[in-house]
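Structural description and commentary
Here is what each chain is made of, one letter per residue.
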There are 2 protein chains.
Amino acid sequence: MDNLDRKILAVLQSNARASLQEIGQAVGLSTSPCWERIKKLELGGVIEGYTVRLNAQALGFADTVMVQVTLDSHSDNTLEKFGETLAAIPEVIEAYLVSGEYDYLLRVAVKDTRDYERLLRERLYKIKGVRHSKSSFVLRTLKKADLPLV
Amino acid sequence: MDNLDRKILAVLQSNARASLQEIGQAVGLSTSPCWERIKKLELGGVIEGYTVRLNAQALGFADTVMVQVTLDSHSDNTLEKFGETLAAIPEVIEAYLVSGEYDYLLRVAVKDTRDYERLLRERLYKIKGVRHSKSSFVLRTLKKADLPLV
DNA sequence: CCTGAAAGTATAGGGCC
DNA sequence: GGCCCTATACTTTCAGG
């Protein structure tokens, strides 16, 4: 992992479909070393995959909600069950176990506030062990950046 | 935007470098309509770009911190200044203006706890108008999913 | 690391239902 | 309007130096 690798990753962050020629031009190498480096980064697990940045709004997900969740018990069992339950809820896009005043932070994507109310009532409130939750609706996204590599 | 478009997007979500042949096979179309649909989704702004999923750990960002920020004043001016300041801090990966008990939620990527302490002291605490902040370190990532499309 | 050749892919024309 | 097929230019992939 040298500076050239990081430059290549920076290019791929901004356009994962850039051709090897474009990447090579940007970092000052010919296509073959770029290709070899990328394969190494893929095999080494630095590159986990390639994905598309989608406009959630355009796809009908008008609202994003950040949910703080506090559990009753912190036994291994409760914790694991909670994780499994979240995995099965497609609206839950991200879920983190965190330190601090609450236990979990979720990022949830929903069509509208009614959809969110349904999710809370029918899904989150039904999960055993959840003491309480606090919802924060995202009013505006100020920043969404890539990891700083160079 | 029909079901085929959503299927194509689902394929791209899981692998943005899938060839048109693979995409076509997955959705039951030949390559040309897939290509046309993708171009339309790009031009229509549904597809905002293509990016790479990177292993933050492997790149030296061992810690992720979620920071709740509360501002003193809620004037347009303070709000805008705050947004601009955040834009210039590379460690701040995401920033949301939210409803609820606090004003902003930030996702911050740092090398270690010392790096985070430095960021707090030298950057966040220096921003005018910040009343207080609460940090939650991410202990474990339970889920990181794509938007549910089909 | 480079050059370069072979296999695979994106892009765009024309035709079909 | 949306599909399929086909030709050409570009890309990926991997040899040999």
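Thresholds, definitions, all that
Residues numbered from 1 in each chain as written. Chains lettered and ligands numbered in written order. Predicted model: local features only at pLDDT ≥ 70, side-chain atom pairs only at ≥ 80, totals over all residues. Heavy atoms only, no water. Near = heavy atom within 4 Å. Helix = DSSP H or I, 4+ residues; strand = E, 2+ residues; numbered from the N terminus. Polar contact = N/O pair within 3.5 Å; in protein donor to acceptor, adjacent residues only side chain to side chain. Nonpolar A, V, L, I, M, F, W, Y, C, P; charged D, E, K, R; others polar. Domains from an automatic or database assignment. Contact = heavy atoms within 4.5 Å. Buried area = accessible area lost by both parts, 1.4 Å probe. Salt bridge = Lys/Arg side-chain N within 4 Å of Asp/Glu carboxyl O. Buried < 20%, exposed > 50% of the residue type's maximum accessible area, 1.4 Å probe, protein only. Arc of directions from axis to C-beta.

**Overview of the protein's contact with DNA strand D**
What surrounds DNA strand D is a group of 14 residues, the closest being L20 and W35 of chain A together with S30, S32 and R37 of chain B. When atoms of DNA strand D within 4 Å of the protein are sorted by moiety, sugar and phosphate together comprise 82%. Mapped by element, the contributors of at least two residues to the surface near DNA strand D are α2 (20-27) and α3 (31-43) of chain A together with α3 (31-43) of chain B. Looking at the surface near DNA strand D, the element that brings in the most residues is α3 of chain B, giving four residues.

**Description of the protein's contact with DNA strand C**
Near DNA strand C, the surroundings consist of R17, L29, S30, S32, P33 and R37 of chain A together with S19, L20, Q21, S32, W35 and K39 of chain B. Protein-adjacent atoms of DNA strand C, using a 4 Å cutoff, are sugar or phosphate at a proportion of 77%. At 2.8 Å from a phosphate oxygen of DNA strand C is found a main-chain nitrogen or oxygen belonging to L20 of chain B. For the surface near DNA strand C, the secondary structure elements donating two or more residues are α3 of chain A together with α2 (20-27) and α3 of chain B. Per-class residue counts for the surface near DNA strand C are four nonpolar, five polar and three charged.

**Let's talk about the domain arrangement of chain A**
Considered domain by domain, chain A is made up of domain 1 (3-44) and domain 2 (56-138). Computed over C-alpha atoms only, the centres of domain 1 of chain A and domain 2 of chain A are separated by 37 Å.

**A short note on the interface of chain B and chain A**
Chain B puts 62 residues into the contact, and the matching count from chain A is 62 residues. Among the residues of chain B in contact with chain A, R17, T51 and K143 of chain B are the three that bury the most area, contributing 12% of the side total. A salt bridge links E101 of chain A to K134 of chain B, with the nearest nitrogen and oxygen atoms 3.1 Å apart. Our count for the chain B to chain A interface comes out at 41 residue pairs in polar contact (both at pLDDT 80 or more). Put simply, the parts of the chain that give the side of chain B that touches chain A at least two residues each are α1 (3-14), β1 (47-54), β2 (63-71), α4 (76-87), β3 (92-98), β4 (104-110) and β5 (130-144) of chain B.

**Quick word on helix α5 (residues 113-122) of chain A**
All names here are of chain A. For α5, the full list of buried residues reads D115, Y116, L119 and L120. The buried residues of α5 occupy one face: seen down the axis, they fall within an arc of 140°. The inward-facing, buried residues of α5 contact β2 (63-71), β4 (104-110) and β5 (130-144). Of the residues that open α5, the one with a side-chain oxygen 3.2 Å from the backbone nitrogen of R114 is D112.

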